[in-house]
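Topology and contacts: notes
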Amino acid sequence: MPGRAARRRVRILADITPLRTSADYRRLWIGNTVSWTGQAMTALAISLQVYEITGSSFSVGLVGLFSLVPLVAFGLYGGAIADTVDRRKLGLYASSGMCLLSFALAGAALADFHRVWFLYAIVALQALCQAIVSPARTSMIPRLLPPEQLPAANALGSMTTTFGMMAGPMLGGLLVGLWGFQAAYLIDAVTFTAALYAMWRLPSMKPDRSASGDTRKRASVLDGLRFLATRPNLRMTFFSDLCAMVLAHPRAVLPAVAVVWFHGDATTTGLLVGALAVGALLGGVFSGWLGRVDRHGLAIVIAVVGWGGFIAAFGLTRQLWLGMLFLALAGASDTISMVFRSTMLQAATPDEMRGRLQGVFIVVVAGGPRLGDFLAGSVADLTSPMVAITGGGLLCMTAVTLLALRWRHFVRYDARVPVA
């Protein structure tokens, strides 16, 4: 009985086989987890410093804009670079750049150099480095692990992202309160050594262009987009994510909902946002069963429909605990969708195209929620928060269902025979 119970727990909890079987992946995952948390810590510290200098919430909002624009503008180009040069060296150089930028922030804070334009410039350069390193790092994973371990690896990656988003801001606020901005920046810079060490220990990761027969041609962004245009299953991974993030992304409406529906304040808003994050983290923690699913397309459709349904249900409730439960379930559904979308993108894309497709992934992931914020906020102002949230959830469910009916081969996608 104890042995059977242990095996059952292993099947339910996150599959850590990639961490056990690949030392390179293990170092990359640990380095990414540490550096992601440090970057989230620095992001909050920069926002706090901008507000301390200006006293303006608008100025703080510009931090996000200076981060988003380079990430979207250079995401595709970063993917093309990753398909041209040694991805290990590219990741090492870009990570070194991010480390130096953190040291620059710490040095400026220690020297009492407090200029908003300097902080905006650092944020933009950090986003530029992120747009370069992310496609390179993600496209390495299929070279480090066998295909059957990719769902587990992507679930572990989702835990890294969610944990960093939760723990980083808390640590950043604590450090700034205790020892000032320079402490947060210095610790971020030092923790980047974990990511640098992981990249340094990797083998050479030159793109495999044997499939095309041309090992000299420089990778083109347009070639990547043309490739995507002929691969309906891969296109559907992006369309399904856009259905969720553009049509049913409630973040912009949560502050109003916290006050009007739940008679709360900023703390209530934090609980609602935190519920999404906790649900996403739990979706990764209890992801052991995902590796046994072969129908990835069908799983994505079900997960996105689940996201829309839980968001729609949240729009109908007026009890805080129930609303937090629906948001947590939505967050878990989003993690499941992300795991299978990432796995399809890695498994069904030839190595020579992986960087460029990951660049498209960055643009969609970065831009979709921002468009969703604009849409939800606009609809809420014109009608009501309930229409924006519940209507958006229902629209998401309808849109992804219609797309699945239009491209039925996506629903039939089998991970054992990955076809883009």
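What you are looking at is a predicted structure, and each value in this text was computed from that prediction instead of being measured.

1. What to know about the nonpolar core
- Ranked by internal contacts, the top residues of the largest apolar core, which has 56 residues, are Phe238, Val257, Leu272, Trp307 and Phe314.
- Here this core takes nine residues from helix H14 (residues 320–347), the largest share from any one element.
- Ignoring sequence-local partners within four residues, the contact set of Leu272 consists of Leu254, Val257, Ala258, Phe262, Phe314, Leu320, Met324 and Leu327.
- In terms of nonpolar packing, the next biggest core, distinct from the first, is built from 47 residues, Leu119, Val133, Leu175 and Leu196 among them.

2. Examining helix H16 (residues 385–406)
- Compared with an ideal rise of 1.5 Å per residue, which puts 22 residues at 32 Å, H16 spans 31 Å between its outermost C-alpha atoms and is within 8% of the ideal.
- Restricting attention to buried positions, one finds in H16 the residues Pro385, Ala388, Ile389, Thr390, Gly392, Gly393, Cys396, Ala399, Val400, Leu403 and Ala404.

3. Examining the layout of surface pockets
- For the second largest pocket, the calculated volume is near 170 Å³.
- Along the wall of the second largest pocket there are 15 residues; nearest its centre are Pro147, Glu148, His296, Ala415 and Arg416.
- Broken down by element, the lining of the second largest pocket gets its largest block of residues, three residues, from H14.
- Considered class by class, the residues forming the lining of the second largest pocket number nine nonpolar, three polar and three charged.

4. Examining the side chain of Ser333
- When you line up the elements, Ser333 lands in helix H14.
- Side-chain polar atoms of Ser333 contact the backbone oxygen of Leu329, separated by 3.0 Å.
- Apart from the residues lying within four places of it in its own chain, the contact partners of Ser333 are Ala303, Gly306, Trp307 and Phe310.

5. Re the confidence of the model for the protein chain
- A residue-level look at the protein chain finds 95% of positions with pLDDT of 70 or above and a mean pLDDT of 88.
- Note on residues 1–10: pLDDT is under 50 here. Beyond four places in sequence and across chains, it has one contact.

6. So, the environment of Met98
- On the secondary structure map, Met98 appears in helix H5 (residues 87–110).
- Separated by eleven residues in sequence, Met98 and Ala109 place their C-alpha atoms 17 Å apart.
- Excluding anything up to four places from it in sequence, Met98 contacts Gln39, Gln126, Cys129, Gln130, Val133 and Phe192.

7. Quick notes on the packing of aromatic side chains
- In the structure shown here, the tally under the stated rule is nine aromatic pairs.
- For the ring pair Phe113 and Phe118, a centre distance of 5.5 Å and an interplane angle of 85° mean the geometry is edge-to-face.
- Of the residues examined, Phe113 reaches a relative accessible area of 31% and is grouped as partly exposed.
- Seen in terms of ring centroids, Phe262 and Phe314 are 6.4 Å apart; in terms of plane orientation they differ by 40°. Their pairing is tilted. Residue Phe262 is located in the loop between helix H11 (254–260) and helix H12 (266–285), and its partner Phe314 is located in helix H13 (residues 296–314); the two are separated by 52 residues in the primary sequence. The pair Phe262 / Phe314 is uniform in exposure class, with both members buried.
- Among the aromatic residues, those joined into a ring-pair cluster are Phe113, Trp117 and Phe118.
- Here the basic side chain of Arg318 rests over the ring of Trp261, its NZ or CZ set 3.8 Å away from the ring centre.

8. Quick notes on helix H10 (residues 232–247)
- Spanning 16 residues, H10 covers 21 Å between terminal C-alpha atoms, matching the ideal 22 Å at 1.5 Å per step.
- Burial in H10 covers these residues: Asn233, Leu234, Met236, Thr237, Phe238, Ser240, Asp241, Cys243, Ala244, Met245 and Val246.
- Looking at the packing, one finds that the buried side of H10 touches helix H9 (221–229), H13, H14, helix H15 (351–382), H16 and helix H17 (408–411).

9. Some thoughts on the packing of H5 against helix H6 (residues 116–144)
- Contact geometry for H5 and H6: axes closest at 8 Å, N-to-C directions at 155°. In terms of orientation, H5 and H6 fall into the roughly antiparallel class. As for the relative orientation of H5 and H6, their crossing is left-handed in sense.
- Across the contact of H5 with H6, the residue classes break down as 16 nonpolar, seven polar and three charged.

10. A word on the packing of H5 against helix H8 (residues 181–201)
- Look at H5 against H8: their axes get within 8 Å of each other, and the N-to-C directions meet at 165°. Accordingly, the angle class assigned to the pair H5 and H8 is roughly antiparallel. Regarding H5 and H8, the two cross each other, and that crossing is left-handed.
- Its residues assigned to classes, the contact of H5 with H8 shows 16 nonpolar, five polar and two charged.

11. Topic: unusual backbone geometry
- In this model, Asp112 sits at a positive phi of 60°, which is unusual for a non-glycine residue.
- Inspection of the secondary structure assignment puts Asp112 in the loop between H5 and H6.
- The backbone phi angle of His263 is positive, close to 55°, even though this residue is not glycine.
- Locating His263 in the fold gives a position in the loop between H11 and H12.

12. What about the side chain of Asp86?
- Following the sequence through the fold, Asp86 ends up in the loop between helix H4 (57–82) and H5.
- Within the buried core, Asp86 has no salt-bridge partner, and the shortest N-O distance to an opposite charge, that of Lys89, equals 5.0 Å.
- Of note is the side chain of Asp86, whose polar atom sits 2.9 Å from the side chain of Ser204.
- Side-chain polar atoms of Asp86 contact the backbone nitrogen of Met205, separated by 2.8 Å.
- Once you skip the residues sitting within four places of it in the chain, Asp86 turns out to touch Ser204, Met205 and Lys206.

What counts and what doesn't
Residues numbered from 1 in each chain as written. Predicted model: local features only at pLDDT ≥ 70, side-chain atom pairs only at ≥ 80, totals over all residues. Heavy atoms only, no water. Core = buried A, V, L, I, M, F, W, Y, C linked by side-chain atoms within 4.5 Å. Buried < 20%, exposed > 50% of the residue type's maximum accessible area, 1.4 Å probe, protein only. Helix = DSSP H or I, 4+ residues; strand = E, 2+ residues; numbered from the N terminus. Contact = heavy atoms within 4.5 Å. Expected span 1.5 Å × (residues − 1). 1 Å grid on protein atoms, 1.4 Å probe; cavity = no way out; pocket = protein on both sides within 12 Å on 5 of 7 lines; lining within 4 Å. Points joined across faces, edges and corners; volume = space filled by probe spheres on them. Nonpolar A, V, L, I, M, F, W, Y, C, P; charged D, E, K, R; others polar. Polar contact = N/O pair within 3.5 Å; in protein donor to acceptor, adjacent residues only side chain to side chain. pLDDT = per-residue confidence, 0-100. Phe/Tyr/Trp six-rings, centres within 6.5 Å; stacked < 30°, edge-to-face > 60°. Lys NZ or Arg CZ within 6 Å of the ring centre and 35° of its normal. Axes fitted to C-alpha atoms, helices over the stretch in contact; angles between N-to-C directions. Parallel < 35°, antiparallel > 145°, perpendicular 65-115°, else oblique. Left-handed = near helix turned anticlockwise from the far one by under 90°. Lys, Arg positive; Asp, Glu negative; His and termini not counted. Salt bridge = Lys/Arg side-chain N within 4 Å of Asp/Glu carboxyl O.

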